[in-house]
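Notes for the structure review
Single-letter residue listing:
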Amino acid sequence: MLEHIGVGINQFTGEIPSSLPRCESLQLIALSANKFTGIIPKDIGNLSTLEEVHFGDNQLTGTIPHSISNSSKIIILDLGSNMLTGTIPTFLGELTFLQRLLFGQNLLTNEPSLGLSFLTSLTNCRSLRQLQISSNKLHGVLPNTVGNLPTSLELLEATGCHINGMIPREIGNLSNLVSLALGDNDFTGSIPETIGNLQKIQQLQVYDTEIQGLIPDNICKLTNLGELNLMNTKLYGSIPSCLGNLTSLRTLQLGSNALTSHMPSTLGSLKDILLLDLSSNFLIGPLPQEIGSMKSIVQLQLSGNQFSGYIPTSIGELQNLVNLSLSRNILQGPIPESFADMVSLESLDLSLNNLSGTIPKSLEKLLYLGYLNVSFNELSGEIPNGGTFNNFTAGSFIGNEELCGAPQFHVKACKDPNKRTRFSKTKIFLVYILPSIALIIIAAAIAIWLLRRRASNTHLLVQENSLLYPFNKRISYYEILQATNNFSEDNLIGRGSIGLVYKGIFNNGMVAAVKVFNLQLQAAFKSFEAECEAMRNIRHRNLVKAVGRQRKSGGGAPRSGRIERYGILLMETFTRKKPTDDLFVGELTMKKWVSESFSQAVLSTVDANLLAREEEDFSEKGSCLSMIMEVALNCTEDSPDDRINMRDVVGRLMKIRHRFKGL
């Protein structure tokens, strides 16, 4: 006469007794969350009054017994989180009173020839409310008949099942869906516009798929949506500004896509959102001031984009924020003092930006801050030493050459402010400008003497203005090598603390002094700047007009040179050619060759061993290589001011690698 047996959430072991089906009056069997092993009793179908079967979260093996279809009154069948094998039977459709069918997290498969036809059989279960098939070894296309499932269906979970093909438009027929989870599959195509018909949906997951295209504006019709997860797909285009109208959103995850344009300021209307992830996209522009309106947010992930400008001070109003990541962008300016108002902050990552100024001492007030990373910026001044800063290591601050502080941070010691000295204008003049002017005048005098001697021997009259002409055009390094006889000792006419001066005789008969700076000495760059400034202002018939080239203010010449060399290295790697190859003669350089081919035929420059037209992924590989070549060209712009900086090089190459990681 036993009707109910409930021993769930215990530590029972062993097999389910095979004699259990003799209890002919059983209506409910609840054995979930134990350690039962073995198979489901084959005669379980003899229980004609059975309504609920709870076998989930055990270690059951074997197949789903066919006899279970005889228990036609079953409304709940929970076989999830076991180790069941075999195919998902189509006879489950004979359980017409079924309301909950849960068999996710097993080792079940499907007949390859039949695809996911078992879903079609479930259209007979007109009271079905929950269907959970996630994490099984299924393969095949989601059939259009999924739209014929009963409109009573509220939950459809099919994550991690290797389902491929497109999401059928008919999915929009399931108008009572509250949760639709299709992530971690092999779906292709775009998100169907009919998704906007799911007016009651609260959870929508299509993460870790091959879905591509735009985010449809129809998603903004889902006014009850609490979670939208489209992470790690191939979506592109802009983020719809109308998402700010979905005020029920608690989680919005759009990271690891190819989204562009700006972060919509309307997202500030999501006052109850807890998690916002837009990381690893191609978003640009400044962060909106409205970001400070998301008062409830706990996690804000904006890393790996191309956000620029200053960090808005309004971000300090996010007093519930626990995790903030703005790393791998091109943000500039100071770290706002308002960061100290984010009293719940536990993790802060600002690395790989262009932030400058000091680290606010007020951050010592953040009592829960356990992780801080401000590495690879342009920060300066003293690292705070109070609060949780005592727990941080050198890795938090590396790549900021002007920081100073305690030895544990591996930075230079801070100077005693009472002993701090500055170079006076007089000292700068005496140390750099005066010796440089003297060296230039000496070199010019020697050059004039040599010029006059040559003129007397050859009876060649060179007028004053002819000295200026050769320097009005660009002189190549090769011409200078020839003129100085490969910088021969015989041509050496002067030696200073930061460089050498050589006599140069050019093909047109002009004789000139050629100064070579020692780039290993930082003073060389200051001297170069001072000399250029002096020569611009000095007027003398024996001194040519100086034209300053190669170089950013602030001593950037060596860094810019390293970036240019890295660009050339990228070109060498992917073209399998060297700048000294016979192909590059006269005006044609490797950079010019790649640059002229870039707009139309850049792939013709790529090493043939890397790409063949008959390859299956030819188009994607071509896009990948084109993007790499674009980075190389950005590194080798003629003007150092126009060259990309190394942080951006790293960021863009990481995005390229992430985007094409499947190749």
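Reading guide: rules and limits
Residues numbered from 1 in each chain as written. Predicted model: local features only at pLDDT ≥ 70, side-chain atom pairs only at ≥ 80, totals over all residues. Heavy atoms only, no water. UniProt positions renumbered as here; feature names shortened; annotations may be inferred. Helix = DSSP H or I, 4+ residues; strand = E, 2+ residues; numbered from the N terminus. Contact = heavy atoms within 4.5 Å. Pairing = 2+ DSSP bridges. Axes fitted to C-alpha atoms, helices over the stretch in contact; angles between N-to-C directions. Parallel < 35°, antiparallel > 145°, perpendicular 65-115°, else oblique. Nonpolar A, V, L, I, M, F, W, Y, C, P; charged D, E, K, R; others polar. Disulfide = S-S within 2.5 Å. Buried < 20%, exposed > 50% of the residue type's maximum accessible area, 1.4 Å probe, protein only.

- By the naming in an unreviewed UniProt entry, the protein goes by Protein kinase domain-containing protein and is assigned to Escallonia rubra.
- You can read under Subcellular location (unreviewed entry) in the UniProt record for the protein the words "Membrane".

1. Comments concerning the environment of Ile 64
- Along the chain, Ile 64 falls in the loop between strand E5 (52–54) and strand E6 (76–78).
- Setting aside residues up to four positions removed in sequence, Ile 64 forms contacts with Leu 79, Leu 84, Pro 89, Phe 91 and Leu 108.

2. Concerning the pairing of strand E33 (residues 511–517)
- Summarising the sheet, strand E32 (residues 499–505) and E33 pair through 7 bridges and their orientation is antiparallel. Of the residues in E33, the one forming a bridge with Lys 503 is Ala 513.

3. A closer look at the sheet that holds strand E9 (residues 140–141)
- Pairing is parallel across the open sheet formed by 3 strands, whose spatial order is E9-E11-E13. With one partner strand each, in any of the chains shown, E9 and strand E13 (186–188) form the two edges of the open sheet.
- Bridge analysis of E9 against strand E11 (residues 163–166) gives 2 bridges, and the strand direction is parallel. By the bridge assignment for E11, Gly 140 is matched with Ile 163.

4. Concerning the packing of helix H7 (residues 618–635) against helix H8 (residues 646–659)
- Here H7 crosses H8 at 175°, and the two axes come no closer than 10 Å. Put simply, H7 runs roughly antiparallel to H8. Two secondary-structure elements touch here, H7 through Cys 624, Met 627, Ile 628, Glu 630, Val 631, Asn 634 and Cys 635 and H8 through Val 649, Arg 652, Leu 653, Ile 656 and Arg 659.
- By residue class, the composition of the contact of H7 with H8 is 8 nonpolar, 1 polar and 3 charged.

5. Observations regarding the state of the cysteines
- This structure, assessed with the given rule, holds 2 disulfides.
- One disulfide in the model links Cys 220 with Cys 242; its S-S distance is 1.9 Å. With the S-S bond torsion at 70°, the cross-link from Cys 220 to Cys 242 turns out right-handed. One end of the pair, Cys 220, is in the loop between strand E15 (212–213) and strand E16 (227–229); the other, Cys 242, is in the loop between strand E17 (234–237) and strand E18 (251–253), with 22 residues separating them in the sequence. Across this residue pair, the class does not change: Cys 220 and Cys 242 are buried.
- Two residues share a disulfide in this structure: Cys 404 and Cys 414, whose sulfurs sit 2.0 Å from each other. Because the torsion about its S-S bond is 95°, the bridge between Cys 404 and Cys 414 counts as right-handed. Of this pair, Cys 404 sits in strand E30 (residues 402–404) while Cys 414 sits in the loop between E30 and helix H2 (425–458), and the two are 10 residues apart along the sequence.
- Cysteines bonded in the protein are numbered consecutively along the chain; their disulfide partners then correspond to 1-2, 3-4.

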